[in-house]
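Report on the structure
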Amino acid sequence: MKNTVIALLAFVSIAFINADLYSQSAIETDDKDYKFKFSLASDWKEGKREETEKKDAVSYSFEKKDGKMAIMLLAFKVSEVKNLTDFVYTIEKDLTLNIPKKSGEYTDFDMGNYDGQTGTYKDSEFTEVIYYYRTKITDGENFTYFLRFIVPASFYNASAEKEIKRISDSFIPNAE
């Protein structure tokens, strides 16, 4: 019995140490100026954060340490609730973003204070899953967000889809 208790205590201690190491090395992004937050596991590294001189847009980049996925996040301050269709159209037509051709239809979602669309884009080199968000605050500051997952075509599989879903589910626009 004593050995069982000691083994159980050792197991619990190791679990807490591993959980603590995981939480220390995970990336938690909580941008108070652009009012969003999301989290990435410890197998990601943060790249650049760049903001416009006017302080009306910011970009973040992240890369998985094994090189199998990258994330681009753009956030924009807007003076009113932005038309989502116009936002998606503008982003897709921006040649500097070099977005591949859309594959399939958009999926819409509505979470109350924000809504959005997601789509999959493909070419011979990459599969990209892009989330477009907009906040719908009638009496406050609004934002639009572009969350782009870029995966080399050879690494896009069910596991990559699951990770994209987990990360996008952790993205919370208009976080206070």
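Located above this text is the structure these notes cover.
Structural notes, computed from the coordinates. From a predicted model like this one, the values you see are computed outputs, not experimental measurements. Here the residue numbers are simple positions, counted from 1 along each chain's written sequence. Thresholds applied to this predicted model are a pLDDT of at least 70 for local features of residues and 80 or more for the giving and counting of side-chain atom pairs; totals over whole chains, interfaces and linings are not thresholded and use all residues. With hydrogens and water excluded, all non-hydrogen atoms of the structure serve as input to the side-chain values.

Here a strand is any run of E in DSSP of at least two residues, a helix any run of H or I of at least four, and the numbering for each starts at the N terminus. Helix and strand counts for the protein chain come out as three helices and eleven strands. Counted from the first residue to the last, the protein chain has its helices and strands arranged as α-β-β-β-β-β-α-β-β-β-β-β-α-β. Put simply, the protein chain has 176 residues, and 38% of those count as buried. Long-range contacts, defined as pairs at least 24 residues apart, comprise 47% of the intrachain contacts of the protein chain with a sequence gap of at least 6. Note on areas: Shrake-Rupley with a 1.4 Å probe; residue coverage comes only from the protein chains shown. Surface summary for the protein chain: the accessible area is close to 10,600 Å², and the carbon and sulfur share equals 53%. For the exposure calls, accessible area comes from a 1.4 Å probe over protein chains only, and a residue counts as buried if that area is under 20% of its type's maximum, exposed if over 50%, partly exposed in between. In this analysis, two residues are considered to be in contact whenever any of their non-hydrogen atoms come within 4.5 Å of each other.

With that out of the way, let us pick up the pattern of salt bridges. When their charged atoms lie close together, side chains carrying opposite charge are able to pair. Whenever a carboxyl oxygen of Asp or Glu lies within 4 Å of a side-chain nitrogen of Lys or Arg, that contact is scored as a salt bridge. This structure, assessed with the given rule, holds twelve salt bridges. For the salt bridge of glutamate 141 with lysine 35, the shortest nitrogen-to-oxygen distance reads 3.9 Å. With glutamate 141 in the loop between β9 (126–135) and β10 (142–152) and lysine 35 in the loop between β1 (27–31) and β2 (36–40), this residue pair connects regions lying 106 residues apart in the sequence. Among the ionic pairs, glutamate 51 bridges to lysine 55, the shortest N-O distance being 3.6 Å. According to the relative accessible area criterion, glutamate 51 is partly exposed, its value standing at 27%.

Of note, phenylalanine 143 is situated in strand β10. The exposure class assigned to phenylalanine 143 is buried, which follows from its relative accessible area of 0%. Considered as a pair, phenylalanine 143 and lysine 77 are 66 residues apart in the sequence and their alpha carbons are 4.7 Å apart. Those residues in contact with phenylalanine 143 that lie beyond four places of it in its chain are Asp33, Tyr34, Lys35, Phe76, Lys77, Val78, Tyr133, Arg134, Thr135 and Asn174.

Moving on to the layout of surface pockets. With a 1 Å grid spanning the protein atoms alone, the term cavity applies to any set of points in which a 1.4 Å probe fits but cannot get out, the term pocket to an open set with protein on both sides within 12 Å along at least five of seven lines, and the term lining residue to any residue with an atom within 4 Å of a point. Grid points are joined across faces, edges and corners, and a volume is the space filled by probe spheres set on the points. There is about 220 Å³ of room inside the largest pocket. Forming the boundary of the largest pocket are 13 residues, of which Phe109, Tyr131, Lys165, Ser168 and Asp169 lie nearest the centre. Listed by contribution, the elements that provide at least two residues to the lining of the largest pocket are β7 (107–110), β8 (114–122), β9 and α3 (158–170). Split into classes, the residues belonging to the lining of the largest pocket amount to seven nonpolar, three polar and three charged. Three residue categories are used. Nonpolar comprises Ala, Val, Leu, Ile, Met, Phe, Trp, Tyr, Cys and Pro, charged comprises Asp, Glu, Lys and Arg, and polar comprises the others, including Gly.

Here we come to α3. The terminal C-alpha atoms of α3, which comprises 13 residues, lie 19 Å apart, in line with the 18 Å expected from a rise of 1.5 Å per residue. Among the residues of α3, Ala160, Glu163, Ile164, Ile167, Ser168 and Ser170 are the ones counted as buried. Along the axis of α3, the buried residues cluster in a sector spanning 155 degrees; they form a single face. For α3, the exposed residues set more than 90 degrees away from the buried face come down to Ala158 and Lys162. Counting of polar contacts relies on pairs of N or O atoms within 3.5 Å, with two restrictions inside protein: one atom must be capable of donating a hydrogen and the other of accepting it, and residues adjacent in sequence are counted only when both atoms are side-chain atoms. Regarding α3, its N-cap is asparagine 157, as a side-chain oxygen of that residue lies 3.0 Å from the backbone nitrogen of serine 159 further along. Expected span of a helix, by definition, is 1.5 Å for each gap between consecutive residues, and there is one gap fewer than residues. Throughout, the arc means the angular range of directions from the helix axis out to the C-beta atoms.

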